Every structure is written in C-alpha cells, then in structure tokens.
Amino acid sequence: MKKKNNKFSLLLAVALTCAAASHAQTIMTLKECVQTARKNNIMVKNNYNELQMAREQQEYARSKYFPTVGASAFYFEALDDIIKYQILDQEDVDMISEGMENPFTVDDFTLSFIKRGASLGVTFLQPIYTGGRLTNYNKLADLQVDGRKMMMDVTDDKVVMATEFLYYKIVELHETDKTLDATEKSLALIHQDAVNIYDNGMTNKNDVLSVELMQDELSSLRIRMQNACKLMRRALAKHIGIADKDIDVDMTFDADIVAPEALKMSTLTALNNRTETQLLDIWVEKSVLERKIAKASMLPIVVVGGRAGYSKLLSKWSGNVIGFVGVQIPISSFWSEKHEYKRKQIEEQKAIDFRNDNLETMSLEIQDAYDNLESTYRQTQIAEKSVARAEENLRICREHYRGGLSTMTVLLDAQRQQQQALTQRHSAISEYLQAKTRYLIATGRSTY
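Here the structure is a predicted model, which is why all the values come from computation and not from measurement.

Trainee: Give me the pattern of salt bridges: which residues, what numbers.
Mentor: This model, assessed by the stated rule, comprises 26 salt bridges. Aspartate 193 is the salt-bridge partner of arginine 402, the closest N and O atoms lying 2.9 Å from each other. Of this pair, arginine 402 sits in helix α9 (residues 333–402) while aspartate 193 is found in helix α5 (residues 133–199), placing the two residues 209 residues apart along the sequence. Here aspartate 193 falls in the buried class, since its relative accessible area comes to 15%. Residues joined in a network through salt bridges with shared partners are Lys286, Glu290, Glu340, Arg343, Lys344 and Glu347.

See the structure below:
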C-alpha cells in the first residue's frame, strides 16, 4: 500500500510540474517582441494577403497577352430537312402531269437534305493592337504589386512603434512598481522613527498616523500599478499575436540615450528615404496609367484569329480551317468615353496635388519628430538631476526630523518628491526611447 502511495505521489508531482511548465511565464526582449509581431500581427497578415491578391492580379493581366483559345462541340437534329430546293415550280409540274392518272406534285421535284449534323472546332483570337490597353493594364498590375510591398514596409513601421509603446509602458510600470517598493521600505523606516519618537514622548501620535496613511495610499497605488501592468502585458501579447501566452518583458535592456544631434538628418534626405514618398509617386503613376487606359477605350482594336473545324452535315465527316482579321472601331466612344478620359485627367492632377501636399505634411512630421526627440532628451537630463536632488533632500529632511529640527509633514513631502522624481525619470526614459524610434522611422531608417 505504501508503494502505491509513493507511485501516486510521484505521478502527481510530475503532473504538477508539467502543468506549471506549460503555464510558465515567457520573458521576451524588445527585439523578440518586434520579430514576433512582424510574423503574427493581424495588420501584417492582412497586408501579406493583399500582396498575394495583387500578384494574382498581375498574373491575370499577363495572361491577356496570350491568344484566347476556345473549343466547341455541336450536334443537332431537326424535325424536317433544313435545306430544301424546289427544282420545278407548280406550273411546270402541272404541265408534266397533264393527262396522268397519278399526277406529280411539287414535292416530287424538291431536293431536301441536312436533317441532322455535328461539328467540332477550335477557335483562337490574338489581339495585335488594343490602343495600349494590354500594356497599361499590365503596368498597372505591376504597380499594384510594388505598392503592396511598400505598404508592408509602412505597416511594419506602425507595428514596430506600437510594439515599442506597449513594451516600454510595461517597463515603465515595472520600474514604478520597484520605486513604490523602495518607497514602502523607506516609509517603514520613517514609521519606525515616528513610533520611537512617539514612545519617548517627544511628539504626538499624528506623525505615526500620517506615515500610516501614506503607507495605505502607497499600497493602493501599487495594486493599481500591478493591475495596469497585467493589462498591458495582455495587450502586448495580443498585439504580437500570442494572446494565449503569459508574457513579460526583459528588464535588463540597455536604455541607449543618444544626443539628438547625433541622429539628425536633413529633411530632404529623410523625404527621399521614406517609403511613403515612393508610395505617393506610385499613386501619381497609377493615375497616369488609368488616364492612358481611358484614352485607349476610344481607339480601335485589331485582332487576328482562326478556326479549325471538323463537321458532318451530309454524308461524311470533313475538316476545314479558316483565318480572319477583325477590326473593331468604337464609334460611340468618341463622344461618350471622352468624358471618362477628361475625368481621369482631373484625377491625375488631384494625385499630383495630393502628393505635393503630403510631402509638405511629411516634412512637418519629420521636424515634429525631431523636436519631440530633443524635448524628451532634455526631459531625461532634467529627470536625472531631479532624482539626485530629491534623494539628497529626503536624506536631509530625515536627519532633521530625527534631530527634532523638522516636522513629519516636511519629511513626507520630501518622500513624495523623491517618489515622483523616480517615476518621472522612468517615464522620461520611456518617452525618449519611443521618440527616438519615431524619428528614425520618420527619416526612413529601420531600428531593427
């Protein structure tokens, strides 16, 4: 019985260990999060599908260069002969039949044939002139593929920035939680000092109660911080496409804070580097091709073709091959399609204006990204100084309180200032790192 219990305990321990391993938390670096998002994010998947659709459209357009080939099979059977040829008319028949006991009728002098028949055939058509329709349709299809590839790059930039935002927000919350933990320990020491001084009758109980109230406030804040961190971790997991996993971020990364001047790039160079600039050029080129296609709809179409057939209509099967050249002139299009052509001309001008306007907007965006980088960089420098000053102020206030030269209110204010300074430093570093990524992307530079 004892052996059975030991076996059961062993199996239970193994099962619990496996269950714990299957639900173990995954710690991910920022680079790993970005790489995972690039594979699994829903926007990335949608853009990949759009690219595949554009490639299929491209192949479809190319297929129009080849002849159109069709095969047909036909069989018929009529109630009466289809072709009838009357050799003599009624007057001639009456003349021949004059005096006969059984006179002839017109039907006796009528030839009838083809009551049933069958045919097999293959037909092909090859356009040799379409006014530029085929060429421009294929160029348009190629352009759509190029555009979809560029859209994948733009989406990738958006995914990277969103991933960094969630990642650094979790880091910021973790750092804030560590700050609150250190503050709790500091408050425990202040509380002990207050209790000791109160026990010695050197102050009233208000100091002790003030510290305890701040401890309660801090405990409540930590709970909110931890819940917010859990929510952000779930949001990050969903964003990178692994919502079913419990993940957390690696806190050992190096916050590389570089002066903005080292990253600065001229606006013109940045614009030329941007994928969006190339997309705007494609948009203009697309409108040009659509205008040319509209013009082609007013031009003639010339095709060559042929048919090879095998048929049986009279007594035996026989084959035949014919060739032909056809010209289609869209006469009515001269006064109807010209309005579509004019509309496409206006759309082309709109595309040019849209491109120029967006280039100006992108220039402002690049400058704004750099200004934000400068601002956040200065905030990190100020935050570092604030932390040093707050810590020194807290040390002095604590010594003064212990020596009876200051009040508990002043000491607790100093403690709050130190906590706020540390929190602001974490926030400033997080905002700077995001601003740096935004500026690098805005100037056409990849960060990973």
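Trainee: So, the nonpolar core: which residues are in play, and what are the values?
Mentor: Soluble globular proteins: nonpolar side chains tend toward being buried together. Tyr167, Leu236, Ile240, Met408 and Tyr439 are the most contacted members of the largest nonpolar core, which has 57 residues in total. Of all elements in the fold, only α2 (30–40), α5, α6 (206–239), β6 (247–249), α7 (267–273), α9 and α10 (408–442) reach the threshold of two or more residues within this core. The dominant element in this core, judged by the number of residues it contributes, is α5, at 13 residues. Once residues lying within four places of it in the same chain are set aside, the contact partners of tyrosine 167 are Met28, Thr29, Leu30, Cys33, Leu236, Val249, Asp250 and Phe253. Counting eight residues, the second largest nonpolar core, distinct from the first, contains Leu140, Met150, Leu279 and Ile293.

Trainee: Go over the sheet that holds strand β7 (residues 301–312), please, and point to the residues and values.
Mentor: If you trace the four strands from one edge of the open sheet to the other, you get β2-β5-β7-β8, paired in antiparallel fashion. One side of each edge strand has no neighbouring strand; the edge strands of this open sheet are β2 (68–77) and β8 (317–328). The average undirected angle you get between the axes of adjacent strands in this sheet is 15 degrees. Pairing of β2 with strand β5 (residues 116–129), which is carried by 10 bridges, proceeds in the antiparallel orientation. Considered in β5, the bridge of valine 69 is made with phenylalanine 124.

Trainee: Please give an account of the packing of α2 against α5 that cites residues and values.
Mentor: For the pair α2 and α5, interaxial distance at closest approach is 10 Å and the crossing angle is 140 degrees. By the angle between their axes, α2 is oblique relative to α5. For the pair α2 and α5, the sense of crossing is right-handed. Of α5, the residues touching α2 (which contributes Leu30, Cys33, Val34, Ala37 and Arg38) are Asp156, Val159, Val160, Thr163, Glu164, Tyr167 and Tyr168. Looking at side-chain class alone, the contact of α2 with α5 contains eight nonpolar, one polar and three charged residues.

Trainee: For the confidence of the model for the protein, give the residues involved together with the corresponding values.
Mentor: Predicted confidence across the protein gives a mean pLDDT of 86, with 88% of residues reaching 70 or more. In this model, residues 1–5 is a region of pLDDT below 50 whose contacts with residues beyond four sequence positions or in other chains number zero contacts. Scored below 50 in pLDDT, residues 10–22 shows zero contacts in the model against residues more than four places distant or in partner chains.

Criteria and cut-off values
Residues numbered from 1 in each chain as written. Predicted model: local features only at pLDDT ≥ 70, side-chain atom pairs only at ≥ 80, totals over all residues. Heavy atoms only, no water. Salt bridge = Lys/Arg side-chain N within 4 Å of Asp/Glu carboxyl O. Helix = DSSP H or I, 4+ residues; strand = E, 2+ residues; numbered from the N terminus. Buried < 20%, exposed > 50% of the residue type's maximum accessible area, 1.4 Å probe, protein only. Core = buried A, V, L, I, M, F, W, Y, C linked by side-chain atoms within 4.5 Å. Contact = heavy atoms within 4.5 Å. Pairing = 2+ DSSP bridges. Axes fitted to C-alpha atoms, helices over the stretch in contact; angles between N-to-C directions. Parallel < 35°, antiparallel > 145°, perpendicular 65-115°, else oblique. Left-handed = near helix turned anticlockwise from the far one by under 90°. Nonpolar A, V, L, I, M, F, W, Y, C, P; charged D, E, K, R; others polar. pLDDT = per-residue confidence, 0-100.

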